[in-house]
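Results of the structural survey
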Amino acid sequence: AMGCEAAVMAAEKAFLAVLGLATSFEYAEVGLVLSSPEGDLVFDVVVPVPTAELVGTTWLLETLIEGEAAFSVAAEPATLLLDADGTLTGSTGCRTLTGRWLQNGGVIIVPELSADGECPEELWKQDSLVVTVVGDEFRAEVDGDKLTLTSMGGDGLVYRAQR
């Protein structure tokens, strides 16, 4: 048997109770609403990742985001390229990245990622954050020539399209 913290288990139990007793559903401005005698469940619409804007562009790392703090990039070039064939290449600023990527709803998943090379001590934090964000599931937002990746843990990377 698997278990979580008591609060998480209670939330799961409440969710399943409402889900199991759902008597109606409707598409509303807030998303999908399932109603039951136990209460309502509201599911937000997940906007698909704009992969057409992501794919085929070499992105240059500009900013690192760790929690609430933003940091400048310590080494260049740190790049990211997602190709239409599902391959990923890039750099952390000191190591070469290669891997595969795929889209799952509003999230980019990188099931295979390798980082080859060595980093000097002053680049360990940058290298670690890039590998963590890219290697984790992340959401991507393209705004003009800016790409922001946000990991499920809340850390992020900001890139600019290479000119």
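Heads up: these notes are all about the structure in this document. (Residues numbered from 1 in each chain as written. Predicted model: local features only at pLDDT ≥ 70, side-chain atom pairs only at ≥ 80, totals over all residues. Heavy atoms only, no water.)

Moving on, we get to the overall build of the protein chain. If you tally the helices and strands in the protein chain, you get three helices and twelve strands. Each of the three principal axes of the protein chain carries a C-alpha extent, and together these read 60 × 35 × 30 Å. Each of the 163 residues in the protein chain was classed as buried or not, and the buried ones make up 34%. Considering only intrachain contacts with a sequence separation of at least 6, the fraction spanning at least 24 residues in the protein chain is 42%. Surface accessibility of the protein chain: about 9800 Å² in total, with carbon and sulfur atoms responsible for 53%. (Helix = DSSP H or I, 4+ residues; strand = E, 2+ residues; numbered from the N terminus. Buried < 20%, exposed > 50% of the residue type's maximum accessible area, 1.4 Å probe, protein only. Contact = heavy atoms within 4.5 Å. Areas by Shrake-Rupley, 256 points an atom, 1.4 Å probe, with all protein chains shown as cover.)

If you trace the three strands from one edge of the open sheet to the other, you get S1-S2-S3, paired in antiparallel fashion. At either end of the open sheet lies a strand with only one pairing partner, and these are strand S1 (24-28) and strand S3 (39-43). Going across the sheet, the axis of each strand differs from the next one's by a mean of 20°, ignoring polarity. Inspection of the sheet shows S1 paired to strand S2 (residues 31-36) by five bridges, in the antiparallel sense. Bridge pairing in S2 places Tyr27 opposite Leu32. In the packing of helix H1 (residues 6-20) onto the sheet, the strands contacted are S2 and S3, and the crossing angle to S3 comes to about 100°. (Pairing = 2+ DSSP bridges. Axes fitted to C-alpha atoms, helices over the stretch in contact; angles between N-to-C directions.)

Here we come to the pattern of salt bridges. Taken as a whole and judged by the stated rule, the model has five salt bridges. Here Arg95 makes a salt bridge to Asp127, at a shortest N to O gap of 2.8 Å. Residue Arg95 is located in the loop between strand S7 (87-91) and strand S8 (96-104), and its partner Asp127 is located in helix H3 (residues 124-135); the two are separated by 32 residues in the primary sequence. The pair Arg95 / Asp127 is uniform in exposure class, with both members buried. When the shortest N-O distance is used, the salt bridge between Glu112 and Arg100 registers 3.0 Å. Placement of Glu112 in strand S9 (residues 107-116) and of Arg100 in strand S8 is noted, with a sequence separation of twelve residues between them. When its relative accessible area of 43% is taken as the criterion, Glu112 is described as partly exposed. Bridged by salt links that share partners, the residues Glu62, Asp145 and Arg160 form one connected network. (Salt bridge = Lys/Arg side-chain N within 4 Å of Asp/Glu carboxyl O.)

Our focus in this paragraph is the environment of Arg163. Looking at where Arg163 falls in the secondary structure, it is placed in the segment after strand S12 (156-161). Among the residues examined, Arg163 registers a relative accessible area of 80% and is labelled exposed. In this structure, the C-alpha to C-alpha distance between Arg163 and Thr57, residues 106 residues apart in sequence, is 9.5 Å.

Another aspect to go through is the packing of aromatic side chains. For the structure on display, the rule yields two aromatic pairs. With 6.3 Å between their ring centres and 75° between their planes, Phe15 and Phe43 make a pair best called edge-to-face. Of this pair, Phe15 sits in helix H1 while Phe43 sits in strand S3, and the two are 28 residues apart along the sequence. On the basis of relative accessible area, Phe43 is assigned to the partly exposed category, the value being 31%. Positioned above the aromatic ring of Phe71 is the side chain of Lys125, whose terminal nitrogen or guanidinium carbon lies 4.1 Å from the ring centre. (Phe/Tyr/Trp six-rings, centres within 6.5 Å; stacked < 30°, edge-to-face > 60°. Lys NZ or Arg CZ within 6 Å of the ring centre and 35° of its normal.)

The next point concerns the state of the cysteines. Evaluation of the coordinates by the stated rule reveals one disulfide. The partner cysteine of Cys94 in its disulfide is Cys119, sulfur to sulfur 1.8 Å. Because the sign of the S-S torsion sets the handedness, a value of about 80° for the bond joining Cys94 and Cys119 places this disulfide among the right-handed ones. Residue Cys94 is located in the loop between S7 and S8, and its partner Cys119 is located in the loop between S9 and H3; the two are separated by 25 residues in the primary sequence. Judged by relative accessible area, which is 21%, Cys94 ranks as partly exposed. (Disulfide = S-S within 2.5 Å.)

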